[in-house]
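One-letter residues, chain by chain:
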Amino acid sequence: MHTLTTRRVELGVAATLALFSLYLMAKSAELPIGWVSGQGPGGGAFPFWLSAIMLLASLAVLARAWRGLTPPSRGEGAFIQVGSGPLLGAVVGSLVALLLAIHLVGVYVAIPLFLAFHLRVLGSHSWRLTATMMVATPVVLFLVFEVALKTMLPKGLTEPFFYPLYALFL
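First, a word on scope: everything that follows refers to the structure included in this document. Residue numbers restart at each chain and count upward from 1, following the sequence in its written direction. Only residues with pLDDT of 70 or above have their local features reported here, since the model is predicted, and side-chain atom pairs are shown and tallied only from 80 upward, although totals for entire chains, interfaces and linings are computed over all residues. The side-chain numbers reported here are obtained from all heavy atoms of the structure, hydrogens and water having been left aside.

**As for unusual backbone geometry**
Both trends apply: most residues other than glycine have a negative phi, and most peptide bonds are in trans.
Argument step 1. Phi at Ser-124 is positive, roughly 55°, even though this residue is not glycine.
Argument step 2. Strands are runs of DSSP state E lasting at least 2 residues, helices are runs of H or I lasting at least 4, and numbering of each runs from the N terminus. Mapped onto the secondary structure, Ser-124 falls in the loop between helix H5 (107–122) and helix H6 (127–148).
Argument step 3. Any residue under 20% of the maximum accessible area for its type is buried, any over 50% is exposed, and the rest in between are partly exposed; the area is computed with a 1.4 Å probe on protein chains only. Its relative accessible area of 60% is what places Ser-124 among the exposed residues.
Argument step 4. In the Ramachandran plot, Lys-150 falls in the positive-phi region, its phi being about 55° despite a non-glycine side chain.
Argument step 5. Its location among the elements puts Lys-150 in the loop between H6 and helix H7 (163–169).
Argument step 6. Residue Lys-150 is classed as exposed on the basis of its relative accessible area of 56%.

Shown next as structure tokens:
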């Protein structure tokens, strides 16, 4: 039986992300990925090029890990240490809570709460950093997705609070 070492995990995750990137590029290419005259970028352009960037990043990580240039790629210790169960449970539990909260109260409330838990509670970061990220992240998400890309994100019960912003931006 082989031990799941940090080296094997780093190589495996990088290879998996590279393959997933190729899959996403292929699916995105089913739509136009270039410039559509009179319309702008094709429907597959944004996901295709993001996937291409993800592929390049994954290949870079894979190459660095293969050559042993990162601390995890030189490690032969177990990937999951004894006693890490509570932290793993907190991360998995918070992800499940995030998904449930998105449907109930929407992205713009769920993500700041998720960030607060991870930054302040699990990461012990300052309240200044935590508060900055809790405010900046939903503002940037709103401006990028709802204003620039015209893509509505789930708002759940909080949607009525966005009506004035819709009138202002959309």
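**Notes on the pattern of salt bridges**
Argument step 1. The salt bridge criterion pairs a side-chain nitrogen of Lys or Arg with a carboxyl oxygen of Asp or Glu, the two atoms within 4 Å. Scanning the entire structure with this criterion turns up two salt bridges.
Argument step 2. Measuring nitrogen to oxygen at the nearest pair gives 3.2 Å for the salt bridge that ties Lys-27 to Glu-30.
Argument step 3. Relative accessible area serves as the criterion here: at 57%, Glu-30 is assigned to the exposed category.
Argument step 4. Put simply, Glu-146 and Lys-155 hold a salt bridge, and the shortest N to O gap is 2.8 Å. Residues Glu-146 and Lys-155 agree in their burial class; the two are buried.

**A short note on the packing of helix H4 (residues 85–105) against H5**
Think of two packed helices as two axes; the pair is described by the angle between the axes and how far apart they sit.
Argument step 1. Remark: H4 packs on H5, axes separated minimally by 7 Å, with the N-to-C direction vectors making an angle of 160°. Looking at the two axes, H4 sits roughly antiparallel to H5. Two packed elements cross with a definite hand, and for H4 against H5 that hand is right-handed. Here Leu-87, Ala-90, Val-91, Ser-94, Leu-95, Leu-98, Ala-101, Ile-102 and Val-105 of H4 come into contact with H5, specifically with Val-107, Val-109, Ala-110, Ile-111, Phe-114, Phe-117, His-118 and Leu-122.
Argument step 2. Along the lines of polarity and charge, the residues of the contact of H4 with H5 split into 15 nonpolar, two polar and no charged. Note on definitions: angles span 0 to 180 degrees between N-to-C directions of axes, and those axes are lines fitted to C-alpha atoms, for helices only across the stretch in contact. Roughly parallel refers to an angle under 35 degrees, roughly antiparallel to one over 145, roughly perpendicular to one between 65 and 115, and oblique to any angle outside these ranges. For a crossing to be left-handed, the near helix must be turned anticlockwise from the far one by less than a right angle; the clockwise case is right-handed. Contacts are assigned to residue pairs with any non-hydrogen atoms lying within 4.5 Å of each other. Gly counts as polar in this scheme, as do all residues outside two lists: the nonpolar Ala, Val, Leu, Ile, Met, Phe, Trp, Tyr, Cys and Pro, and the charged Asp, Glu, Lys and Arg.

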